[in-house]
Structures are given as C-alpha cells and as structure tokens.
Amino acid sequence: MKKFSKVSLSVCTFLTSYAGVAHASDAFTTSLITDTSSLEIPAMRGGSDEVLAQQAATAVGKNLLNNCNNCVLALTDIKESLTAKHFTFSQMIDEVPVSRATITVSIDSKSGEIVRIYHNIIDAQPAAAMQRGIEGLSVTSAAEIAFNVVASSELLSIKPLVQEVYYPFDGELVLSYQVDLTFESNTKRVVIGKLSGEVLDIQETEHTNHLGEDEHAHDEVDFTNRRQVVTFEEAMQALAERPVVQERTANRGVQVDGKAFVFDPDPRTTLEDTTISFKTNKAVLNSTLASAYKTVTLQDITKDGNTYRLAGPWVEIVDVMQPSSKFTAKGMTTSSDGNWFHTRDEQGFQDANVYYHIDQSQRYLQSLGYVGGNGIQNRPIKVDTDSYDNRNAFYTPRTNMITFGHQGTLSKATEDATIILHEYGHAIMYDINPNWSQFEGDMGAIGEGFGDYWGATYKYATENGKSFHPERMGAWFWWDKGQFGGRQLDRTGAEYQYKSGRNYEAHGTGQIGDQMWATPLFQAHVELRERGIARDQIDKIVIESQFGLGGHVTMPIMAQSIYTTAKRLYPAGPHAEVFYKHFQNQGIVFSKNASETAKNGITVGLGERYNAKEGEVTEITAAVSDKGATFAWRQLDASEFHLLIHDKNSETLSFTADNVPEQGVEVQFELVVTSSNNKQTRKVITVFIHDENTSTSESVFASSSASPATSSGDSGGSMFFILSLLAVIETRRLQVERANVKAA
C-alpha cells in the first residue's frame, strides 16, 4: 500500500502516489433495514422513543461490531420529519468518532414503532501503535500538510475544518485528522495520520454541487489572471484579509413586500422558442425577450430606512466574493422603492430572480408540512449571484451558501429557475442528511439527479412546462441556436442502466449517473401527475424518503427508501408501484421486501420475477460474500412440459425449457443457501417462460439487499454475513449471448 510522505511532497509525487491510496468506502457495512422483526429489541411499553432507538442501535451494533471492542454508539443527532423521528448514533472510540460511521433509527411519530434502521459502520480495531493519548500532530500542522499536498493555485474561501477521527486504513482504524479544504471552485478532504503525518486518503469534488461542463464552458474565459500555487501561509493571510463586501447587518430593518420582473421558469419555455440565441444582437434579443418577463411579489424583503434589500426569512442576497477576471463584479443591488424592475442585462434582475425562486421553493416545502421542528433549510440561505468568472453555480454546505458565476453575454444560471432550484435542491439534501457526501456510494450522482428533479418538476408545474420539452433540464442555460447540450430526464438507454459494483459520482462520464437517477424520479412524477395524483403528494414521498439515512447511500438503497416511504404515506395509491416500475426501467433494482431478515441471520434480497424463453439456456447466478457457502436449487411445482435443469448445486441455476404452451408458463424455484457456519436461508423466485414465438418484452431484473440480522444459536457471539445476491440472467442462443442484470 503506497502512502504519502510528509509536507515536502511535490506535485508530481502527489499525482503518482494518489493512485495508490485506498479509499475507505470498502470498509463500511451499509444497509437499510425495513424489517426489524428478528432484532433482539426488548418490548417497549410507555418508554421513550430515545430509549427504544438506543436499544435498536445497540442490537444492530451487537450483530455487526464483533471486532471493535472499544466501540460505543453515542446519540449525536435527532431529526423530525413528517412521519417519523430519526435518531442518529455515531460510532465512537474514546469519545472520538469513527469517520462517518453511524446508525440511524427511525421511529413512527404516531405508532411509536420502528420504521427502519440505516447503518453505515465499520467493524475494525484501532491500530495498535496509534491509540489515543499519545501526542501527535497539531491541528495547524495537519491543516498545513493537507494544504501543501493538494498544491492548489486557488485561495481558500473559508478556514480549513480539521476534525480528529478514527479512519479506516489497511483493515484498521487509524487515529487521524480529517481536513476539509474549501477552495473557490472545489472542496478537498485530506486524511492524515495523527502520529505518522502520512496522508491516508484524499477525496476531491467540484464545489458541491455544480452544474458540470457545458458546450460554452470555455467561451470568453480570461486566462490572464491565473494564480501560481500558493503557500499555506499566503492562503491563510489572504483569508484573514478578505473583506466581506456587502452583507446585511443582522436584525436591522423590517420585512415588507416588493415587486420584480422575473423569468418563470425561463424565457425559452415561456416563449416556447428553441431558436433564441444568446449571441443575437443585444437589441434584437432584448426585444424578443420583452414578453418573457413576469411581474411577481417579492415576499418579506428587508426595508432599512429608505433602503430595500433582498434579505428575507428564507434567502438573503449577499456579495461576499468577486470575480477575479475581466468580468466586472457589480455587487448586490438595493432599491429605494422596493421594486426590482430590471432586465436580464442588469444585476438587479439576477438578484431578484434568484430571491424569488428560492423563496417560493422554501414556501412550497412549508406547504408540504416541513415547518417548525421538522423544517428544512429553516433559515435564510445566503446567495451571491455574481461570484465567479465562469458560467456555473455551486452550493457549499459548510457556509450554507449558493454562489453563481457568469461569462460575458452568455445566459446566466441565475436566469433559469431550474438551475436556481437545482442548487437549492442540494441545500435541501444536506439539511435533511448532515452525513450527505459527494465522496461515497452513489451520493454524488443522486445529489445531482435530485437537484435536476427539484428544478424540472417546478418547471413542469408552470404554464408551458408540460408541453415544452419537460424532460430537458436548464432549457435556457444549456440551449443555444437550436442546440441543446444539457441533461435530460428521459435517459433509459443501455448506458444509463445501473450497474452494481461501481460508484456513480457527480458528473461522471458524460453525466450519466446524474441523468440515471433523475430520469426515474421525473418519469414517475410525470406518470403520477397524468394519473391525477397531486404534485405535493409525489414531492412528499421524494423528500420524506431522504430522512433517516447516512453515508454511502447507493441508488438501490435510495430507491428502496422511496418505495417504502410511498407505501407508508399512500398505501392505497399507485405511488409506490409507479416509482418501482421506473426504477426497474433504469436497472435500479431492489426487493420490494428488502431487508428480509431471516431469524437465522442470513439476509437475502432477490428479484421476485424473471423471464426466460423456450429452447434457450437460462442462467440465474447468486454471488455470495461467504466464499464457503453452498447452494441448492429446486423446482417447486410440477410441470407438464419438459424442464431440463443442468445444475442444481452451484451458485448458478441453469435450465432449458421445451414444449412451452403458447400462452407461456410460470415456474417457481427455491434457492437454499447454507453459510460456512451452517446457517440456512431460503428464497423463492418466479420465472415466466415464453414460448419460442413470443417476444420477451418484459425487462428481466433482480434485486438484493444487505441487511444483517441476528444469527440465533451462535454461542460465540453474533455470527452473520451479508448475502448480496447478484442476479445474472444469461440468455444463450447459438453463440451464447449474455445479458447481465446486477443488483446491489
């Protein structure tokens, strides 16, 4: 295992060594448990929710933390949502948290029953040579090492955040400093051994979470003002000297309403015109856009004497950063009469447009019931509408701030409601789940996809939103001269099918993951709306499902959360099944009864139905983490047609069906898996076999879950293993063509 040396690293050494660093994600045991019947939780009668949650977390920890003898679970956060109270317990050693290791127990607000448990924890011992109590690096030294390792040419936008944690590395938990460095365009997390000074891990993301590259990304960029690599001392000095240009003084003035021109949702959708170009003669463009402006009320802005500012209870326009290139920063705008009647080429329009859309989005959240104790972003979010000299937008969780940039005459992100609300979507997610991260599982792509969903579904609710390319995100921002270069929410092609075993980061490879997650959310939303289901019901499901999770969330886990949330909120409605269908269409598969935790301690998640065809070899393969497991497949029902089973006692069931009736036939198989410690679990699947002249038009999907359970009868403690079934359908004809469908 390669490790970094200390501060003296050069950039070249950094780039070479970085490839050898092992990220911590493989060390975590992560699962969403929706069936807690086998957990040994004492029956509670009249006790508190907190005590019940503690007992549930302890039961899960007892099953999973067999090696971490010094670990305890400490209650560190309580959140309320519409339907439940969510208790988060952090894994600790000597009062130091294990990095991002948590168990969250969700308890129904009405019944007092446990709704589900999400765990993301690590079963490992502290490194013997790195026990706490031995003096090591100082916080300042750790920050300096981290800064020098990343060798940035950018200045810091906020002081480094340094946290003492136990970090998983080479099978052990190493006492470390976790350093978060927030620069102007990205955030880097550097993990440094407290005693050794070695860099154990580096994680990097574009500023959480930006819009990604577009066809205009490098138009009109000024490259003359690039900085050289700065030192830690220079960065800290510049940070100390950076002035706050303009920001509202707290508790000054009174709240009143104002008026403004805005785009709602964007001029292209309003005018239903795909031909508008940003590079058209300014006078011609302004004339074209004249009818696209809408007059709206700016609610609860601040009046301080004779000056009106766009500072309200839910959003505050500020000016804390200025572009560094030729694009002149204009500062935040004020008004002498409470009116912002500006056009798009004036800064006042950008300020008012952003204020209006974020403010109305927060008020919409409150209309769903997220107010008071269960409010989301229940405070003013700061927004700088003119911060960067690039055409992008960013949300920074540490400062709870959204920043927008611009490039010359091109359309600005601040002019498109879907882009504004995309960024606010990130703020919503981070507020619901403080453990959200760009670095783990599929959380990067999920975050981008939800941001697109939040913006696109608002557009869908506007006058022309249903008819004018509803599937296109950022119709104004990403569309020019009839060419659309942005993300779409109808991507179901082969490259957009979910593949387990890989992580989908934000904006990865053609932004595939972003669209992979946004598509089923949006398509389910559209179908439900067409069925007469109200927008607020659909959005309640999507928002509520984000509560009670932690780190390392994958798309199947989040999809399972949405499905079970829909079942709880609207048990008699079509909501859950519509979401389920669209997740399956994307290859995001899970068992409807995920986390079926058997009393013997083995958890099995497997798709309920498969397809096969007469005369073709069909294979269904189970991949199990316990390498010593044995398998037994058998056909449950007697059949009148000939069914040839080629293999019954391996991980792969292989069979061929002949003489299938014209209407097809269903066959049930049972899989019995015996673990290396002689614990068994069973799973029944149904295969529909088509006759040779019938097209197998249905998609073939399988699913799995990874929910640990108690291994009863184990005198040596809780023995368990997580059974992940990777369902693979291999259909062969002549040269044997394979189609693999994986489940996480």
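Residues numbered from 1 in each chain as written. Predicted model: local features only at pLDDT ≥ 70, side-chain atom pairs only at ≥ 80, totals over all residues. Heavy atoms only, no water.

## A look at the overall build of the chain
- Within the chain one finds 13 helices and 28 strands.
- If you take every contact in the chain between residues at least 6 apart in sequence, the share linking residues at least 24 apart comes to 70%.
- Accessible surface, the chain as shown: approximately 29,200 Å² in total, 46% of it carbon and sulfur. (Helix = DSSP H or I, 4+ residues; strand = E, 2+ residues; numbered from the N terminus. Contact = heavy atoms within 4.5 Å. Areas by Shrake-Rupley, 256 points an atom, 1.4 Å probe, with all protein chains shown as cover.)

## Side note on the pairing of strand E3 (residues 84-93)
- Of all the ten residues making up E3, nine are buried; the element is thus mostly covered by neighbouring parts of the structure.
- In this sheet, E3 lies alongside strand E2 (residues 71-80) in antiparallel orientation, the contact comprising nine bridges. Its bridge partner lying in E3, Leu73 is registered against Gln91.
- Hairpin connection between E2 and E3: a loop of three residues separates the two successive antiparallel strands.
- Of the strand pairs in this sheet, E3 and strand E4 (residues 96-108) are connected by nine bridges, and their pairing is antiparallel. When the sheet's bridge partners are listed, Met92 is paired in E4 with Pro97.
- Hairpin connection, E3 to E4: the antiparallel pair is bridged by two residues, and Asp94 has positive phi, about 50°. (Buried < 20%, exposed > 50% of the residue type's maximum accessible area, 1.4 Å probe, protein only. Pairing = 2+ DSSP bridges.)

## Some details on the state of the cysteines
- Enumeration according to the criterion identifies one disulfide in this entry.
- The side chain of Cys68 participates in a disulfide bridge whose partner is Cys71; the two sulfur atoms lie 1.6 Å from each other. Because the torsion about its S-S bond is 50°, the bridge between Cys68 and Cys71 counts as right-handed.
- Of the residues examined, Cys68 reaches a relative accessible area of 4% and is grouped as buried.
- For Cys71, a relative accessible area of 15% puts it in the buried group. (Disulfide = S-S within 2.5 Å.)

## Quick word on the nonpolar core
- Counting 89 residues, the largest nonpolar core has Leu298, Trp454, Trp517, Ile543 and Phe579 as the members making the most contacts within it.
- Of the residues forming this core, the biggest block, ten residues, is contributed by helix H8 (residues 417-432).
- With 31 residues, the next largest nonpolar core counts Leu64, Leu65, Val105 and Ile117 among its residues. (Core = buried A, V, L, I, M, F, W, Y, C linked by side-chain atoms within 4.5 Å.)

## With respect to the side chain of Asp452
- Relative to the helices and strands, Asp452 resides in helix H9 (residues 443-460).
- Reaching out from Asp452, the side chain makes a polar contact with the side chain of Arg487 at a distance of 2.6 Å.
- Excluding residues that lie within four positions of it along the chain, Asp452 makes contacts with His422, Met473, Arg487, Leu489 and Ala518. (Polar contact = N/O pair within 3.5 Å; in protein donor to acceptor, adjacent residues only side chain to side chain.)

## Here we look at the sheet that holds strand E10 (residues 254-262)
- Spatially, five strands are ordered E14-E12-E11-E10-E15 in an open sheet, and the strand pairing comes out mixed. At either margin of the open sheet sits one strand with a lone partner, and together these are strand E14 (334-335) and strand E15 (339-340).
- Where E10 meets E15, two bridges bridge the pair, whose relative direction is parallel. If you follow Ala260 over to E15, its bridge partner there is Trp340.
- Seen against the sheet, helix H7 (residues 347-367) touches E10, strand E11 (294-304) and E15 and runs at an angle of roughly 90° to E11. (Axes fitted to C-alpha atoms, helices over the stretch in contact; angles between N-to-C directions.)

## Thoughts on H8
- Taking 1.5 Å as the rise per residue, H8 with 16 residues should run 22 Å; its terminal C-alpha atoms sit 22 Å apart, in good agreement.
- Within H8, 16 of the 16 residues are buried, which leaves the element mostly enclosed by the surrounding structure. (Expected span 1.5 Å × (residues − 1).)

## Some thoughts on the pattern of salt bridges
- According to the stated counting rule, one finds 20 salt bridges in the structure shown.
- Across the pair Glu440 and Arg100 runs a salt bridge whose closest N-O atoms are separated by 2.2 Å. Of this pair, Glu440 sits in the loop between H8 and H9 while Arg100 sits in strand E4; the two residues are 340 residues apart in sequence, bridging distant segments of the chain.
- According to the relative accessible area criterion, Glu440 is buried, its value standing at 5%.
- Put simply, Asp108 and Arg568 hold a salt bridge, and the shortest N to O gap is 3.1 Å. With Asp108 in strand E4 and Arg568 in helix H12 (residues 555-569), this pair connects stretches of sequence that are 460 residues apart.
- Given a relative accessible area of 17%, Asp108 falls into the buried group.
- Shared partners join several salt bridges into a network, and the residues in it are Glu448, Asp452, Arg487 and Asp514. (Salt bridge = Lys/Arg side-chain N within 4 Å of Asp/Glu carboxyl O.)

## A few points about H12
- Look at H12: 21 Å from first C-alpha to last across 15 residues, which is about the 21 Å you get at 1.5 Å a residue.
- Taking burial as the measure, the 15 residues of H12 include twelve buried ones, the bulk of the element.
- Those residues of H12 not exposed but buried are Met555, Pro556, Ile557, Met558, Ala559, Gln560, Ser561, Ile562, Tyr563, Thr564, Thr565 and Ala566.
- Considering only its buried residues, H12 is in contact with strand E1 (29-33), strand E5 (114-121), H9, helix H10 (512-530), helix H11 (535-544) and helix H13 (575-585).

## As for the packing of aromatic side chains
- Summed over all chains, the structure comprises 22 aromatic pairs.
- Taking the centre distance of 6.3 Å and the plane angle of 70° together, the rings of Phe583 and Phe590 count as edge-to-face.
- Overall, the relative accessible area of 1% leaves Phe583 in the buried class.
- Residue classification places Phe590 among the buried positions, given a relative accessible area of 2%.
- Connected via pairs of aromatic rings, a cluster forms that spans Phe261, Phe263, Tyr293, Phe341, Phe349 and Trp476. (Phe/Tyr/Trp six-rings, centres within 6.5 Å; stacked < 30°, edge-to-face > 60°.)

## Describing the packing of H8 against H9
- In contact at an axis separation of 7 Å, H8 and H9 are set at 130° when each is read in the N-to-C sense. As summarised for this structure, H8 and H9 are arranged oblique, according to the angle between their axes. The crossing of H8 and H9 is right-handed. Across the interface between the two elements, Ala417, Thr418, Leu421, His422, Tyr424, Gly425, His426, Ile428 and Met429 of H8 pack against Ile446, Gly447, Glu448, Phe450, Gly451, Asp452, Trp454, Gly455, Ala456, Tyr458 and Lys459 of H9.
- Classifying every residue of the contact of H8 with H9 by side-chain character gives ten nonpolar, seven polar and three charged. (Parallel < 35°, antiparallel > 145°, perpendicular 65-115°, else oblique. Left-handed = near helix turned anticlockwise from the far one by under 90°. Nonpolar A, V, L, I, M, F, W, Y, C, P; charged D, E, K, R; others polar.)

## Brief notes about the environment of Gly474
- Residue position: Gly474 is located in the loop between H9 and strand E19 (479-480).
- Distance in space between the C-alpha atoms of Gly474 and Gly486 is 6.7 Å, their sequence separation being twelve residues.

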